[in-house]
Amino acid sequence: MGIVVVKDLTVEYEGVIALEDVSLEVSEPSFTVVLGPNGAGKSTLLKTLIGFIRPVRGIVRVLGIDPTKEPYRVRKLVGYLPQREFIERDIPIKVRDVILFGLLARRPPPRVATVRDLEKVREVLKIVGLEELADKRFDELSGGQQQRVLIARALVSDPKLLLLDEPLSATDVKTQVSILELLRELVDERNVSVIMVTHDVSVAVEYSDYVALLNRRLLAFGKPGDVLTPSNLVKAYGEGLRMFLTKEGRVMFIADQHICDFCEYCRSREWRRRRGAT
Amino acid sequence: MLPSFVLYALIASVLVSFVAGTAGVFAVLRGVSFLIAGAAHAALGGATIALILATQTGIPFLPPIVGALLMALAMALATGYAGGRGITARMETAISVFFALSLCLAVAAISLVPSELMSQVWGFLLGDILLLTEQDVLILTVATLVVISLISIFFKEFTYICFDMEGAAAFGMRVHLYNYLLLSLIATSTVIATKAIGAIVVYAMMTAPAATALLHAKSIERAIILATALSLLYLCTSLLISLTLVNIAPGALAGVLAAVVYLISLTIKRARRRIRE
């Protein structure tokens, strides 16, 4: 049985059908990217896997456990990174304490850190390449370093599965590459499975083993080359998808309606010209 | 030897400083500082209703401070329920709705109070740190000890839900339980402080020292110590001024001091950042 099994899953979120008849199976260890436009149900899928949302119908199994019946059992075994907007980044808290959070929150009170816990923190900080920042305040780090610390927090309990909700948002291309290389290394060398929600189609092309293309329904699931075909991309994003080459030579696919403040495309001359900006 | 009313005022200042330092810092971190204003007005309504029940009907005696506590806790729990998953924007809406409700209930209750009891209502609205009785000080001491103990015991849990509630839930923590507990402790702290400094000034005294401390402190623990020290400084200074220089409400003066120091701290911090950049 795969590490994640979803069969005929239908989910309603705040009265609206967010996912309909979705079926997929992720085998371990692998790097799966969940793609789709805004409102496609990508985050809803992750929240259902971790037991935050109860599906209307369908079967969900994570590590062989049903998250609708035993959510706390699933949560203790899975590493999770929520979307950036849900994290309060101005709290005076040290990097070490952020990572300990990933261990102590899984235990009953009193949540006292042991020497072994502190060793574990050092170990995961080394994995994400930030071992010298343990005593730094989290809010003093760059956006990319913060994301790495949050990945370390998700990793500290040695999960077999990482669920990451847009870990690349608000980071520059260089940081994105370093995060993606780290995730690829976790899959290849530490046998951790990763399911990552992102808007960036090029990530799927370059780093993933599998791609789930969602737009409320699962439009395609499989190897990136099989899923990211022009017809599938048109089904997901509409006719206006364009290919774009970044300064670093990475291929990016951008939907016509895509507007953000972060990505290379939106900052590019082409975009400014199209918006009529000087 | 200090007169008893001065001694009680000093003890109350220390108690208010402790709750303003601890609960105030967590209220600011959780993004629910407006809950303090709502809980203070709910407390005013609760105290007034208790006063009416005690004097106008045959219902057994209910001390105004207990009525205040019950109403403020009801407001905090309703806010937690309506706030759902604890997203700040939703919490703000929930707090606004229950703040308005508390205010309406307080106004309705006050309109029923006979004129001879109005001075007690005004005491709760404006604060009466120099008029506290031995029983008041005893109740405030017990309530403060309960608040400080619970915040110390659940310090990590409260820190985690302030930092990342969804992450904490994803790691298996019963976040709603801790969220309700934190909101209840903030409401209880507000009632303690309201009894001493009044429903209007309590908002400034519980948020401004905490916000000032969070501008400078390197950790939450240090922010709590700094906010407590600042609150004590403002309250003692204003008590001294009101007893020796000008006959002015000490709670209101402390609130003004707290707000002015916050503004100065913020300006200094921004200027320093600009120089560094």
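All values derive from a computational prediction rather than experimental measurement.

### Considerations on the interface of chain A and chain B
Contacts between chain A and chain B engage 31 residues on the former and 26 residues on the latter. Across the chain A/chain B interface, buried area totals approximately 2600 Å², and carbon plus sulfur atoms make up 61% of it. When the area that chain A buries against chain B is broken down by residue, the three leading residues are Pro92(A), Phe101(A) and Arg111(A), summing to 24%. Applying the counting criterion to the chain A and chain B interface returns 4 salt bridges. Here Arg153(A) ties to Asp164(B) by a salt bridge, and the two come within 2.6 Å at their closest N and O atoms. Taken together, the links from chain A to chain B amount to 10 residue pairs in polar contact (both at pLDDT 80 or more). Those elements that provide at least two residues to the side of chain A that touches chain B are α2 (71-77), α3 (95-104) and α5 (143-155) of chain A. Taken together, the residues of the side of chain A that touches chain B break down into 20 nonpolar, 1 polar and 10 charged.

### Brief notes about the nonpolar core
Counting 147 residues, the largest nonpolar core has Met196(A) and Phe26(B) as the members making the most contacts within it. Phe26(B) has contacts with Ile151(B), Phe155(B), Phe158(B), Thr159(B), Cys162(B), Leu182(B), Ile186(B), Ile220(B) and Ile224(B), leaving out every residue within four places of it along the chain. Residues Leu19(A), Leu49(A), Leu163(A) and Ala212(A) belong to the second largest nonpolar core, which totals 29 residues.

### A look at the side chain of Glu166(A)
Residue and element names in this part refer to chain A. With respect to the element layout, Glu166 can be found in the loop between β6 (161-165) and α6 (173-190). No salt bridge is formed by the buried Glu166; its nearest oppositely charged neighbour, Lys42, is found at 5.2 Å. Setting aside its immediate chain neighbours within four residues, Glu166 contacts Gln83, Gln147, Val197 and His199.

### Digging into the packing of aromatic side chains
According to the stated counting rule, one finds 12 aromatic pairs over all chains in the structure shown. Centroid distance Phe154(B) to Tyr178(B): 5.7 Å. Interplanar angle 50 degrees. Geometry classified as tilted. Of the two residues, Phe154(B) sits in the loop between α6 (134-153) and α7 (155-170) while Tyr178(B) sits in helix α8 (residues 175-197), which places them 24 residues apart along the sequence. Considered together, Phe154(B) and Tyr178(B) belong to a single accessibility category, that of buried residues. Clustering of aromatic rings is evident, with ring pairs tying together Phe101(A), Phe138(A), Tyr160(B), Phe163(B) and Phe171(B). A cation sits over an aromatic face here: Arg75(A) above Tyr72(A), 5.0 Å from the ring centre. Note that Arg174(B) overlies the ring of Tyr72(A), its terminal NZ or CZ placed 4.0 Å from the centroid.

Rules used throughout
Residues numbered from 1 in each chain as written. Chains lettered and ligands numbered in written order. Predicted model: local features only at pLDDT ≥ 70, side-chain atom pairs only at ≥ 80, totals over all residues. Heavy atoms only, no water. Contact = heavy atoms within 4.5 Å. Buried area = accessible area lost by both parts, 1.4 Å probe. Salt bridge = Lys/Arg side-chain N within 4 Å of Asp/Glu carboxyl O. Polar contact = N/O pair within 3.5 Å; in protein donor to acceptor, adjacent residues only side chain to side chain. Helix = DSSP H or I, 4+ residues; strand = E, 2+ residues; numbered from the N terminus. Nonpolar A, V, L, I, M, F, W, Y, C, P; charged D, E, K, R; others polar. Core = buried A, V, L, I, M, F, W, Y, C linked by side-chain atoms within 4.5 Å. Buried < 20%, exposed > 50% of the residue type's maximum accessible area, 1.4 Å probe, protein only. Lys, Arg positive; Asp, Glu negative; His and termini not counted. Phe/Tyr/Trp six-rings, centres within 6.5 Å; stacked < 30°, edge-to-face > 60°. Lys NZ or Arg CZ within 6 Å of the ring centre and 35° of its normal.

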